[in-house]
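Each chain, letter by letter, is given below.
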Amino acid sequence: MPAIGLGTFGSDHVSADQVAEAVKGAIAAGYRHLDCAAVYRNEDRIGPAVKETGIPRDDLWITSKVWNDQHSDVLGACRQSLHDLQLDHLDMYLVHWPFPNFHPPGCSVDSRSPDARPYIHEEFMRTWHQMEQLVDLGLTRHIGTSNMTIPKLKLLLRDARIKPAVNEMELHPHFQQPELFDFVRANGIEPIGYSPLGSPGRPERDRTPDDTVDVEDPVVVAIANRLGIHPAAVCIKWAVQRGQTPIPFSVKPRNYVANLECLKSAPLTDEDMRAIATIDKGCRLIKGQVFLWKDNQSWEDLWDMNGEIKG
Ligand SMILES: NC(=O)c1ccc[n+]([C@@H]2O[C@H](COP(=O)([O-])OP(=O)(O)OC[C@H]3O[C@@H](n4cnc5c(N)ncnc54)[C@H](OP(=O)(O)O)[C@@H]3O)[C@@H](O)[C@H]2O)c1
């Protein structure tokens, strides 16, 4: 898997065509790894854009994800993504969230789906067995998870025939998730880091007053100033050197080129890496409130904070 990928979630302010244009530009600039998902509602534009580049299929790494309302029809969901992306196989297919709780794009964080449920392991395994079948059928080379916790991964590792090859998780200097990071690596699972720059463009509804800003952190800014690079580049260099695969999003050529090029200059020093390790603020930005299943719950209930899966 290439050590950096291009994120493709345009949220609600970047159109599918803008993302497709960025995909073309990014591939021309040297990106070979795309992080896609059906719920980003742009795979049908990304497919033709990738084709137009003329890059041989085997030189690309393309990930897609099954959305929460498709957990009982993984094959159908995967076939639709393959159709939209104009591919005959994916490199990686992920279960986007471990909850089958659908919410419409752009809905308020307070909205709840009427049939929302907590994580039910037996139900998740039925989804996972369908993921395993995709590998058997040659529709994806690898399968993985996203937004999992240690207790959920322990159950999956116990019961899976094909173990997850990756876990895609929120990772940036202010949210380093050291325990989960160490757990996945100890179990041979590669961590893919989403929102690697601290998602400065996320919509208002995903912001809370306590959120902190990685690219304004004095430690990150001081390293950036010393090296003459943007603080975003420090976040990317840190991610790759720590051993996770960042998937930064940008539709601006200047930014997506800089995010790739920064990996060609001198690495951060051990001292820089140690300094960044001290600025973890445990600041989760993508809290997932819309996936809660009861009233009066807090988003912490999704993340098994005390080591137990909340029912
Ligand atoms: N598995 C999951 O549940 C999950 C959840 C969230 C995200 N993701 C994936 O992770 C990807 C990245 O996450 P994200 O979009 O939340 O956050 P991000 O990559 O941390 O931040 C993206 C934002 O940073 C800006 N930016 C990018 N490069 C920059 C640079 N060099 N200098 C200054 N600003 C820069 C972009 O704006 P411009 O466009 O203006 O450059 C954009 O607003 C998504 O696109 C998606 O593929 C997955």
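Treat the numbers as computed from the prediction; the structure is a model and nothing was measured. Every residue gets a number counted from 1 within its own chain, in the order that chain's sequence is written. Under the rules for a predicted model, residues below a pLDDT of 70 receive no local features and side-chain atom pairs below 80 are neither given nor counted, while totals for whole chains, interfaces and linings still include all residues.

Regarding the environment of leucine 268
Numbering goes from the N terminus for both helices and strands, where a helix is a DSSP run of H or I of at least four residues and a strand is a run of E of at least two. For leucine 268, the location among the structural elements is in the loop between helix H9 (253-261) and helix H10 (270-277). For every residue, the other C-beta atoms within 10 Å of its own C-beta are counted; 20 or more classify it as buried, 12 or fewer as exposed, and values in between as partly exposed. C-beta atoms are placed from the backbone. On the basis of neighbour counts, which here come to 19 C-beta atoms within 10 Å, the residue leucine 268 falls in the partly exposed class. Between the C-alpha atom of leucine 268 and that of arginine 242, which follows or precedes it by 26 residues, the distance is 10 Å. Whether two residues are in contact is decided by their C-beta atoms, placed from the backbone, lying within 7 Å. Excluding residues within four positions of it along the chain, leucine 268 makes contact with Ile223, Lys237, Trp238, Gln241 and Met273.

Focus: the nonpolar core
The nonpolar core is taken to be a set of buried Ala, Val, Leu, Ile, Met, Phe, Trp, Tyr and Cys residues joined by way of C-beta atoms within 7 Å. Of all hydrophobic cores here, the largest spans 70 residues; its most connected members are Val23, Ile46, Tyr93 and Cys235. The greatest single-element share of this core, amounting to seven residues, is contributed by helix H8 (residues 231-242). In contact with tyrosine 93, other than residues within four places in its own chain, are Ser64, Lys65, Val66, Cys78, Met131, Leu134, Thr140 and Ile143.

Describing the pairing of strand E7 (residues 190-194)
Most of E7 is tucked away: four of the five residues are buried. Pairs of strands are assigned from DSSP output, requiring at least two bridges between the strands. Where strand E6 (residues 166-170) and E7 come together, five bridges link them in parallel fashion. When the bridges of E7 are listed, methionine 169 appears paired with glycine 193. The path from the first strand over the helix to the second decides the hand: if it runs clockwise while the strands point away from the viewer, the crossover is right-handed. The β-α-β motif built from E6, the intervening helix H6 (residues 178-186) and the parallel element E7 has right-handed crossover chirality. Looking at chain direction, E7 and strand E8 (residues 245-246) are connected through two bridges and run parallel. Paired with isoleucine 192 across the two strands is threonine 245, which belongs to E8.

Things to note about the site of the ligand
The local shell around the ligand holds 29 residues, among which Gly7, Leu197, Gly201, Phe249 and Ser250 are the closest. In terms of residues, the shell around the ligand owes the most to one element, H9, which gives three residues. Side-chain classes are defined by residue name, with Ala, Val, Leu, Ile, Met, Phe, Trp, Tyr, Cys and Pro counting as nonpolar, Asp, Glu, Lys and Arg as charged, and the others, Gly among them, as polar. The residue makeup of the shell around the ligand, split by class, is 12 nonpolar, 13 polar and four charged. For each residue, a C-beta position is placed from the backbone atoms; the residue is near a molecule or strand when that point lies within 6 Å of it.

Section: helix H1 (residues 16-29)
The span expected for a helix works out to 1.5 Å for each residue beyond the first. Relative to the 20 Å expected for 14 residues at 1.5 Å per residue, H1 spans 20 Å between its end C-alpha atoms, a close match to the ideal helical length. Every buried residue belonging to H1 is among Val19, Ala20, Ala22, Val23, Ala26 and Ile27, and all of these are buried. Projected onto a plane normal to the axis of H1, the buried residues spread over an arc of 160° and lie on a single side. Where H1 is buried, its residues meet strand E1 (6-7), strand E2 (33-35), helix H2 (43-53) and H9. One or two positions beyond H1, positive phi appears at glycine 30, with a value near 125°. Working note: the arc is built from the helix axis to C-beta atom directions.

Let's talk about the sheet that holds strand E3 (residues 61-66)
Pairing is parallel across the open sheet formed by eight strands, whose spatial order is E1-E2-E3-E4-E5-E6-E7-E8. Looking at strand neighbours, the two that pair on one side only are E1 and E8, the edges of this open sheet. Judged from the three bridges that link them, E2 and E3 form a sheet pairing that is parallel. Bridge pairing in E3 links histidine 33 to tryptophan 61.

What to know about the environment of arginine 45
Its location among the elements puts arginine 45 in helix H2. C-beta crowding within 10 Å serves as the criterion here: with 20 such atoms nearby, arginine 45 is assigned to the buried category. Spatially, the C-alpha atom of arginine 45 lies 36 Å from that of asparagine 187, the residues being 142 residues apart in sequence. Leave out the neighbours within four places in its chain, and arginine 45 touches Ala16, Asp17, Val19 and Ala20.

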